[in-house]
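# What the coordinates show
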Amino acid sequence: KTIISAFLKVVGEEGTIMAPAFTRPYMYFEGAPQRQRNFRPFDPENIDGISTGTIPKVMLREFGAKRSAHATHSWCAIGKNAEYCVSAHGLLDPPCGDNNPMEKALGLGGKVVFFGCGVSPNTFIHYLEDRANSNFLENAVIKIVREDGKLVTEVMHNHLPGCRDFYYFLAPDECKFYKRAMARGLNIRKELLGAGDVY
């Protein structure tokens, strides 16, 4: 609650904060059947199914955050533009395709903050890959719980595999993408907070 309240204080009444509320409902992904232990069919009512940490769960439970409907890459948002940022992101849309919350935030001049991790888990790069129509985008097979409670299997197009080098390096100067982006003007600031860093 303290972290979320601090972010809200920073952006003020005119601002909006968002956090990834991703889930792992995959049956088939990255060219292989999935057998991970954290598999759960996507159910928007199951906040505990979120795999991206505590902050989005608390935003939803304690702050009344709005959440996009996406089955694997939903986002939650609080603030003036929360509804605008998440409302157009459909259940089976490509995760980072048109009308995803990152695109909406970018249009509003948004910034990306990495709190409690390095810059390697950067889903915004997936948005750039989708915009570039990268040839490695592929389909994923997922399970979802419908509103009537029935469990169904669906195919999600233009999904994003996790095989590029930015996944493996915590420091920006160790990654091809960040090296090139910083040479072209990308500004990444790093600040110490407690025992960790904020980028």
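This section reports on the structure supplied with the text. (Residues numbered from 1 in each chain as written. Predicted model: local features only at pLDDT ≥ 70, side-chain atom pairs only at ≥ 80, totals over all residues. Heavy atoms only, no water.)

Direction of pairing for strand β2 (residues 26-29) relative to strand β6 (residues 138-145): antiparallel, over a ladder of two bridges. By the bridge assignment for β6, Tyr-28 is matched with Val-141. Pairing between β6 and strand β7 (residues 151-159): seven bridges, direction antiparallel. Paired with Glu-138 across the two strands is His-159, which belongs to β7. Here β6 folds back onto β7, and the loop between the two strands holds five residues, one of which, Gly-149, carries a positive phi near 90°. (Pairing = 2+ DSSP bridges. Helix = DSSP H or I, 4+ residues; strand = E, 2+ residues; numbered from the N terminus.)

Mapped onto the fold, Val-10 is located in helix α1 (residues 2-11). The sequence separation of Val-10 and Asn-46 amounts to 36 residues, and the corresponding C-alpha distance is 29 Å.

Okay, empty space enclosed by the protein next. Scanning the model with the defined rule gives one cavity of 30 Å³ or more in all. By volume, the largest cavity amounts to about 40 Å³. Taken together, Thr-23, Arg-40, Pro-41, Phe-42, Asp-43, Asn-46 and Gly-49 make up the lining of the largest cavity. Along the lines of polarity and charge, the residues of the lining of the largest cavity split into two nonpolar, three polar and two charged. (1 Å grid on protein atoms, 1.4 Å probe; cavity = no way out; pocket = protein on both sides within 12 Å on 5 of 7 lines; lining within 4 Å. Points joined across faces, edges and corners; volume = space filled by probe spheres on them. Nonpolar A, V, L, I, M, F, W, Y, C, P; charged D, E, K, R; others polar.)

Turning our eyes to something else, we now look at the nonpolar core. Counting residues in hydrophobic clusters, the biggest one holds 12 residues: Ile-4, Ile-17, Ala-19, Ala-21, Ile-47, Ile-50, Val-58, Met-59, Leu-60, Ala-65, Cys-76 and Ile-78. When residues of this core are traced back to their parent elements, those giving at least two are β1 (16-20), α2 (54-62) and β5 (75-79). (Core = buried A, V, L, I, M, F, W, Y, C linked by side-chain atoms within 4.5 Å. Buried < 20%, exposed > 50% of the residue type's maximum accessible area, 1.4 Å probe, protein only.)

The computed volume of the second largest pocket comes to approximately 190 Å³. Considering the residues around the second largest pocket, the lining is formed by Phe-42, Asp-43, Pro-44, Glu-45, Ala-69, Leu-91, Ile-144, Val-145, Arg-146 and Glu-147. The class makeup of the residues in the lining of the second largest pocket is six nonpolar, no polar and four charged.

In this structure, Asn-99 is a non-glycine residue whose phi angle is positive, near 70°. Phi at Asn-158 is positive, roughly 55°, even though this residue is not glycine.

These values are about where atoms sit, not about what they do.
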